[in-house]
Amino acid sequence: MLHLRVLCPADRSDQVRRLLLDDPGITHLIVLPGVAVRPPGDVIEATLTRECGDRVLDGLAELGVDHTGGITLEALDTVLSDAADAAEAAVPGDPADAVIWDELIARTGEDSRLTVSFLAFLTIACLLAAIGAITNSPVTVVGAMVLGPEFGPLAALAVGLVLRRGDLVRRGGSALLVGFPVAMVITVLVWLVFHLTGLLAGLSLDNLSQVDFIYKVGPFSLIIALLAGAAGMLSLTSAKSGALVGVFISVTTVPAAAFATVAVVEARWDRALSSVVQLLVNLVGIVLAAVFVLWLSPSARKHGLVGRRLSGR
């Protein structure tokens, strides 16, 4: 279940109230006249099923409430109520299959921002992956996979392509096109410092039997990327973020970028090229699978959202 709070001008309050009362997935409806201060107006709260969340948000946006007031929506972990159970039963479908597009857009948009923290996490992940590769330590490489923040921009790219949202495509693309080169350049500089200080004495890129999956490209590279991309987008659309950890561990994006950097410094051009190919295969595979999952979304077909630009929210 979800908790909805709407702040609206007094002259729109009746329209919002009727909209919510007409939806069978709404319960626990509360109207608080005149309690809003900035901006002034009424506050209307309700509990609703996830299945009706998207159409309720669409209806509120058509009333212009997102411009004249405000709309907030948050997940409720526990709801003990016969009325809530009845609302859940009255709406067809399953909460896990319901896509709330505004929520998805907001989440992917936020996760794909090119920020200092994004660059820091990506750089640290690349450094960990590079160290894990040279020391033949799969545990360290897996840690770098989990730490890498690159799935956010990839998800934003997929959502932007499906909904024709150029802002999401630009934001996700910018984060990747700037983030990876910056992280790789810093990794090169740190790697040169390692050489100068003798930390890499006795270590080489030979006999890396535990981490050779980083640079060895094959049919399963694409298959794994497609499966991970599909699982990642399903995790986002169904609000089951716990599955994302498995997605992070499955894809070889950060390790491939890190290994390519190390291979260049070590003048192992063949390994560097194969690592870059591995990186590209994973990035493209993830985005393609995520787009496919969104295209297959029942709510996308039902509401005709695929191919329609959601803007002005």
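Analysis parameters
Residues numbered from 1 in each chain as written. Predicted model: local features only at pLDDT ≥ 70, side-chain atom pairs only at ≥ 80, totals over all residues. Heavy atoms only, no water. Helix = DSSP H or I, 4+ residues; strand = E, 2+ residues; numbered from the N terminus. Contact = heavy atoms within 4.5 Å. Areas by Shrake-Rupley, 256 points an atom, 1.4 Å probe, with all protein chains shown as cover. Buried < 20%, exposed > 50% of the residue type's maximum accessible area, 1.4 Å probe, protein only. Pairing = 2+ DSSP bridges. Axes fitted to C-alpha atoms, helices over the stretch in contact; angles between N-to-C directions. Patch = residues over 30% accessible without salt bridge, like charges linked within 9 Å, V, L, I, M, F, W, Y side chains within 5 Å. Salt bridge = Lys/Arg side-chain N within 4 Å of Asp/Glu carboxyl O. Expected span 1.5 Å × (residues − 1). Core = buried A, V, L, I, M, F, W, Y, C linked by side-chain atoms within 4.5 Å. Parallel < 35°, antiparallel > 145°, perpendicular 65-115°, else oblique. Left-handed = near helix turned anticlockwise from the far one by under 90°.

Chemist: Even after reading the chapter, I still don't get the overall build of the chain, so can you show me in this structure?
Modeler: The secondary structure content of the chain amounts to 14 helices and 4 strands. Each principal axis of the C-alpha distribution contributes one length, and for the chain these read about 75 × 40 × 35 Å. For the chain, long-range pairs separated by at least 24 residues make up 79% of all intrachain contacts whose partners lie at least 6 apart in sequence. Looking at the chain as shown, the accessible area adds up to about 14,700 Å², and 63% of this sits on carbon and sulfur atoms.

Chemist: Just checking my understanding: could you explain the pairing of strand β3 (residues 40-48) for this structure?
Modeler: The side chains of a regular strand alternate between the sheet's two faces. Extensive coverage of β3 is indicated by the burial of 8 of its 9 residues. Here 7 bridges tie strand β2 (residues 26-37) to β3, and the two strands are oriented antiparallel to one another. In the sheet register, Val31 faces β3, and the bridge partner there is Ile44. As consecutive antiparallel partners, β2 and β3 are separated by 2 residues.

Chemist: What is the right way to look at unusual backbone geometry in this model?
Modeler: With the exception of glycine, the majority of residues adopt a negative phi angle, and the majority of peptide bonds are in the trans configuration. Pro39 follows Arg38 through a cis peptide bond whose omega is -5°. Position of Pro39 among the secondary structure elements: in the loop between β2 and β3.

Chemist: Please clarify how the sheet that holds strand β4 (residues 70-75) should be interpreted in this entry.
Modeler: Picture the strands of a sheet paired through backbone hydrogen bonds; they go either parallel or antiparallel. Sheet architecture is open: 4 strands sit in the order β2-β3-β1-β4, paired in antiparallel fashion. In the strand order of this sheet, the two ends are held by β2 and β4, each with one partner. Sheet twist, expressed as the mean angle between neighbouring strand axes with direction ignored, is 15°. The pairing of strand β1 (residues 2-8) with β3 spans 7 bridges and is antiparallel.

Chemist: What am I meant to see in a nonpolar patch on the surface here?
Modeler: Taken together, the side chains of Phe220, Ile223, Ile224 and Leu227 define a hydrophobic patch exposed on the protein surface, amounting to about 420 Å² of accessible area. Note on placement: Ile223 falls in helix α10 (residues 219-237). In this structure Ile223 comes out as partly exposed when scored by relative accessible area, which is 39%.

Chemist: Looking at this structure, how should I read helix α6 (residues 116-134)?
Modeler: Spacing of three or four residues puts side chains on the same side of an α-helix, whose turn is 3.6 residues. If you check α6, its first and last C-alpha atoms are 27 Å apart, about what 19 residues at 1.5 Å a residue would give, namely 27 Å. Of the residues making up α6, those classed as buried are Phe118, Leu122, Thr123, Ala125, Cys126, Leu127, Ala129, Ala130, Gly132, Ala133 and Ile134. Of the surrounding elements, those touching the buried residues of α6 are α7 (138-147), α8 (151-163), α9 (166-197) and α12 (254-265).

Chemist: Sorry if this is basic, but what is going on with the pattern of salt bridges here?
Modeler: Oppositely charged side chains can form a pair if their charged atoms are brought close together. The full count for this structure, using the stated rule, is 7 salt bridges. When the shortest N-O distance is used, the salt bridge between Arg50 and Glu103 registers 2.9 Å. Taken as a pair, Arg50 in helix α2 (residues 50-62) and Glu103 in helix α5 (residues 101-111) lie far apart in primary sequence, 53 residues in all. Salt-bridge contacts for Asp206 lead to Arg268; the nearest nitrogen and oxygen are separated by 3.1 Å. With Asp206 in the loop between α9 and α10 and Arg268 in the loop between α12 and α13 (269-296), the pair connects residues that are 62 residues apart, well separated along the chain. For Asp206, a relative accessible area of 38% translates into the label partly exposed.

Chemist: What am I meant to see in the nonpolar core here?
Modeler: Generally speaking, soluble globular proteins have nonpolar side chains that are buried together. Core analysis: the largest hydrophobic core is formed by 60 residues, its most contacted members being Leu104, Phe151, Val159, Phe180, Met233 and Leu294. Of all hydrophobic cores here, the second largest spans 17 residues; its members include Val6, Val16, Ala46 and Val56.

Chemist: In this structure, what is going on with the side chain of Thr261? I would like to understand it.
Modeler: Within the fold, Thr261 resides in helix α12. Those residues in contact with Thr261 that lie beyond four places of it in its chain are Met184, Thr187 and Val188.

Chemist: Sorry, what's going on with the packing of α6 against α7 here?
Modeler: For any two helices packed against each other, the geometry is given by the interaxial angle and the distance between the axes. Two numbers describe how α6 lies on α7: the axes approach to 8 Å, and their chain directions differ by 165°. By the angle between their directions, the pair α6 and α7 is classed as roughly antiparallel. The handedness of the crossing between α6 and α7 comes out as left-handed. Taking contact as the criterion, the partners of Phe121, Ile124, Ala125, Leu128, Ala129, Gly132 and Ala133 in α6 are, on α7, Thr140, Val141, Ala144 and Leu147.

Chemist: Honestly, α9 in this entry has me stumped. Any pointers?
Modeler: In this model, α9 (32 residues) spans 46 Å end to end at C-alpha, consistent with the 46 Å of a helix rising 1.5 Å per residue. In this structure, the buried residues of α9 make contact with α5, α6, α8, α12 and α13. In the stretch just after α9, Gly198 is the one whose phi turns positive, near 80°.

Chemist: Looking at this model, I keep getting lost on the environment of Arg5. Mind explaining?
Modeler: Take Arg5: it is sitting in strand β1. Between the C-alpha atom of Arg5 and that of Asp82, which follows or precedes it by 77 residues, the distance is 21 Å. Excluding residues within four positions of it along the chain, Arg5 makes contact with Val43, Ile44, Glu45, Gly70, Ile71 and Thr72.

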